[in-house]
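# Coordinate analysis (summary)
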Amino acid sequence: MTRLNSLKEHCIVFDINSKDEPDLRSELECFPDVDPGIEVVGDRVLVQLRREKTTSKGGIILVDETKQTLRFNETVAKVIQIGPLAYKNLDDLTPWIEGPWCKVGDLVRTIKYGGDRFVIQPGDEGAPVVFITIQAREIISKIKNFEAAQKMKAFVD
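Scope of this entry: the structure provided in the associated data block.

What follows deals with the environment of Gly126. For Gly126, the position within the fold is in the loop between strand 4 (116-120) and strand 5 (129-135). On a C-alpha basis, the gap between Gly126 and Pro32 in space is 9.8 Å, while along the polypeptide they are 94 residues apart.

Here is the structure:
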């Protein structure tokens, strides 16, 4: 028996690359109401990333390494604030022809890397909440509704 098979017999293995079922948590569980403690400026947008799961779909408590991977690979977010210069031509401050790409409260997909990330531990003893301040153009797409967001993995394999 190989060492890997021996380890599998004694450990519960969680494969983050497996085809996960939809995230059945509520919108409030995924995006708890947490004060970020900042106000964005310029052409920046503040988004709150979907909170990472603390247990697998089978109820197994996830190890910190798996939670960290999920937390920092997440690209589904909720728009919290939009800076006063976002979606405007910075030369003359006229709005972009196509208008803003999102508004506060929208669910979006954003860049995986970059932005200014910070973490707040809310008082509910759940997983930390991660915020990212990004440039307005780094909103990649708008998600049609929460049900569509529930079916999206944290990141693409």
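A separate point is the environment of Phe146. Mapped onto the secondary structure, Phe146 falls in helix 4 (residues 146-150). For Phe146, a relative accessible area of 13% corresponds to the buried category. As a C-alpha pair, Phe146 and Glu27 span 119 residues in sequence and 7.0 Å in three-dimensional space.

Going through the model one piece at a time under the given rule, you end up with 4 aromatic pairs. For the ring pair Phe118 and Phe131, a centre distance of 5.4 Å and an interplane angle of 20 degrees mean the geometry is stacked. Placement of the pair is Phe118 in strand 4 and Phe131 in strand 5, with a sequence separation of 13 residues. By relative accessible area, Phe131 is classed as buried at 0%. Taken together, the ring pairs connect Tyr87, Trp96 and Trp101 into an aromatic cluster.

On to the pairing of strand 1 (residues 44-49). Across the 6 residues that make up strand 1, a large majority, 5, are buried. Bridging between strand 1 and strand 5 involves 5 bridges; their strand directions are antiparallel. Its bridge partner being in strand 5, Arg44 is matched across the sheet by Gln135. Strand direction decides the pairing type here: strand 1 and strand 2 (residues 76-82), joined by 5 bridges, are antiparallel. Among the inter-strand pairings, Val45 is bridged to a residue of strand 2, identified as Ile82.

Moving on to the pattern of salt bridges. For the structure shown, the criterion picks out 5 salt bridges. One network of salt bridges, with partners in common, ties together Lys103, Asp106 and Lys142.

The antiparallel open sheet is built from 6 strands, whose spatial order is 4-5-1-2-3-6. Each edge of the open sheet is held by one strand with a lone partner, namely strand 4 and strand 6 (139-142). Going from strand to strand, the sheet's axes swing by 40 degrees on average, the running direction of each strand aside.

Here the focus is the side chain of Gln150. Assignment of secondary structure puts Gln150 in helix 4. Assessed through its relative accessible area of 17%, Gln150 is described here as buried. With near-sequence residues (within four places) excluded, Gln150 lies in contact with Pro22, Asp23, Leu24, Arg25 and Arg50.

Once that is clear, we can look at the nonpolar core. Formed by 15 residues in total, the largest nonpolar core has its most connected members in Val45, Val47, Tyr87, Val108 and Ile139. Only strand 1, strand 2 and strand 5 provide two or more residues apiece to this core. If we ignore the near neighbours within four places in the chain, the residues touching Tyr87 are Val45, Ile82, Pro95, Trp96, Pro100, Trp101, Cys102, Ala136 and Ile139. Within the second largest apolar cluster, 7 residues are counted, among which are Phe31, Ile143, Phe146 and Ala149.

About the criteria used
- Residues numbered from 1 in each chain as written.
- Predicted model: local features only at pLDDT ≥ 70, side-chain atom pairs only at ≥ 80, totals over all residues.
- Heavy atoms only, no water.
- Helix = DSSP H or I, 4+ residues; strand = E, 2+ residues; numbered from the N terminus.
- Buried < 20%, exposed > 50% of the residue type's maximum accessible area, 1.4 Å probe, protein only.
- Phe/Tyr/Trp six-rings, centres within 6.5 Å; stacked < 30°, edge-to-face > 60°.
- Pairing = 2+ DSSP bridges.
- Salt bridge = Lys/Arg side-chain N within 4 Å of Asp/Glu carboxyl O.
- Axes fitted to C-alpha atoms, helices over the stretch in contact; angles between N-to-C directions.
- Contact = heavy atoms within 4.5 Å.
- Core = buried A, V, L, I, M, F, W, Y, C linked by side-chain atoms within 4.5 Å.

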